[in-house]
Amino acid sequence: MAPLLGSVREAVGDVPALLALARDLGRTAPRPGEGSTARLWELLASVTAVDVAAGRALEPHLDAVAILSQAGALVPDAADAAWGVFAAEGPGLRLEAVADGAGAYVLNGSKPWCSLAAQLDGAVVTAHVAREGGGSAEPAAGTTGTESGGRAAYAVSLDAPGVSCDTPQWTSRGLREIPSGTVHFDGVSAIPVGGPGWYFQRPGFAWGGMGVAACWFGGAVAVARDFSSALAAAAYKGREPDQIALAHLGETDRIITSLSGYLARTAERIDSGGLSGSGAWSEALRVRGTVAAAVERVQALVAQNLGPGPLAFNDAYGKRMADLSLYIRQHHAMRDDAQLGALTLKGDRSW
């Protein structure tokens, strides 16, 4: 791990270098559910602890590689490509996949929130399935279609004719290296990845969501280390931390330790087959919600104690806090809790 993290440090801020590292790691990194999920999450957390944007670039590539493997999709030169996963929906935007009658599909429409699209080689994208001549397709046998809204996943080359990327003006300090824009598809050939509904209904969808939470956790570990190092440096100069600072450091320690144990146990459950069925998504909601709340608590504790100084004058700390604050907003907060509450009410709980 140490040589890898050294390479990540050297590549901070250099997106092509980060994507090159992602391609290399995609060939050897563990995949979720194959016996080493904890190692995969440790890798994601450790990279993000070095630099949040680096973790944000690595995670979707490893997720896409896992998705293609889970589906058994045959994509030429997949191992040599830098991948993204584009599954977001947005008002006024719709991407449709139409069968051409010969087993292939063509994509038309637009997809929002496509991170690094202009610098990636390919992406796994979700699109609404349409019949030739218009109209939504019926869900495939064995799927309900309700969770996916009649969507399916496709592998597409982002260098293909008909693909164009809108590069937005990214005004946030957070994740400045990882801007997200809209990608437009005009008659773009695509390779099916599973059938209608498969992308959302597979256990790997939940596992991937928990992998993002492992990245958030890594960011929180880095912020906690910033806090501990600042207190130690102040003590070395003769300014011992007061009881409030020590209490907040103690709370931070409890949070990090609890999250570490929770993620490790969850990874074990995935690898043992305990989260391969309908309970996988409810556990993903628990993991993501628990980690997101803990990350925000750690950020609040550290920011209150260290004050404005490091935010104003410590570039690495300021970047980390800004990157993590934006990254954590991938969590849908109370809306995800409401979804979890509905599942809990149906009996999907352990208590």
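This text gives an overview of the structure that appears in the document. (Residues numbered from 1 in each chain as written. Predicted model: local features only at pLDDT ≥ 70, side-chain atom pairs only at ≥ 80, totals over all residues. Heavy atoms only, no water.)

### Brief notes about unusual backbone geometry
Link 1 in the chain: You will see that D77, though not glycine, has its phi angle at about 60 degrees, which is positive.
Link 2 in the chain: Residue D77 is classed as exposed on the basis of its relative accessible area of 60%.
Link 3 in the chain: In the Ramachandran plot, W113 falls in the positive-phi region, its phi being about 55 degrees despite a non-glycine side chain.
Link 4 in the chain: Inspection of the secondary structure assignment puts W113 in strand 3 (residues 105-115).
Link 5 in the chain: On the basis of relative accessibility, which here comes to 56%, the residue W113 falls in the exposed class. (Buried < 20%, exposed > 50% of the residue type's maximum accessible area, 1.4 Å probe, protein only. Helix = DSSP H or I, 4+ residues; strand = E, 2+ residues; numbered from the N terminus.)

### Thoughts on the pattern of salt bridges
Link 1 in the chain: The full count for this structure, using the stated rule, is 15 salt bridges.
Link 2 in the chain: Here K319 and E177 are joined by a salt bridge, their closest N and O atoms 3.0 Å apart. Linking K319 in helix 10 (residues 315-327) with E177 in the loop between strand 6 (163-165) and strand 7 (180-193), this pair joins segments that are 142 residues apart in sequence.
Link 3 in the chain: Classification of K319 as buried rests on a relative accessible area of 17%.
Link 4 in the chain: Residue classification places E177 among the buried positions, given a relative accessible area of 13%.
Link 5 in the chain: Several salt bridges share partner residues, and in doing so they unite D51, E177, K319 and D323 into one network. (Salt bridge = Lys/Arg side-chain N within 4 Å of Asp/Glu carboxyl O.)

### A word on the packing of aromatic side chains
Link 1 in the chain: Applying the stated criterion across every chain, the model contains 6 aromatic pairs.
Link 2 in the chain: Considering the side-chain rings of Y199 and F200, the 4.9 Å spacing of their centres and the 85 degrees angle between planes classify their relative orientation as edge-to-face. Taken as a pair, Y199 and F200 share a single burial class, namely buried.
Link 3 in the chain: Taken together through their ring pairs, the aromatic side chains of Y199, F200, F205 and W281 make up a single cluster.
Link 4 in the chain: Above the plane of the ring of W198 lies R202, whose end atom (NZ or CZ) is 5.2 Å from the centre.
Link 5 in the chain: Between R349 and the ring centre of W351, over which it is positioned, the NZ or CZ distance is 4.8 Å. (Phe/Tyr/Trp six-rings, centres within 6.5 Å; stacked < 30°, edge-to-face > 60°. Lys NZ or Arg CZ within 6 Å of the ring centre and 35° of its normal.)

### A word on the packing of helix 1 (residues 2-11) against helix 3 (residues 37-50)
Link 1 in the chain: At a closest axis distance of 9 Å, the pairing of helix 1 and helix 3 adopts a crossing angle of 40 degrees. Crossing handedness for the pair helix 1 and helix 3: right-handed. Of the residues in helix 3, those touching helix 1 at L4, L5, V8 and R9 are L43, S46, V47 and V50.
Link 2 in the chain: The class makeup of the residues in the contact of helix 1 with helix 3 is 6 nonpolar, 1 polar and 1 charged. (Axes fitted to C-alpha atoms, helices over the stretch in contact; angles between N-to-C directions. Left-handed = near helix turned anticlockwise from the far one by under 90°. Contact = heavy atoms within 4.5 Å. Nonpolar A, V, L, I, M, F, W, Y, C, P; charged D, E, K, R; others polar.)

### Observations concerning the nonpolar core
Burial of nonpolar side chains together is a common tendency in soluble globular proteins.
Link 1 in the chain: Within the largest apolar cluster, 88 residues are counted, with the highest numbers of intra-cluster contacts made by W41, L107, V125, Y154, F185, W216 and V291.
Link 2 in the chain: Tallying contributions element by element places helix 6 (residues 203-236) first for this core, with 15 residues.
Link 3 in the chain: Non-local contacts of W216, meaning those with residues more than four positions away in its chain, are made with R288, V291, A292, V295, L324, Y327, I328, Q330 and H331.
Link 4 in the chain: Among the nonpolar cores identified, the runner-up in size contains 13 residues, and A64, I67, A155 and F200 belong to it. (Core = buried A, V, L, I, M, F, W, Y, C linked by side-chain atoms within 4.5 Å.)

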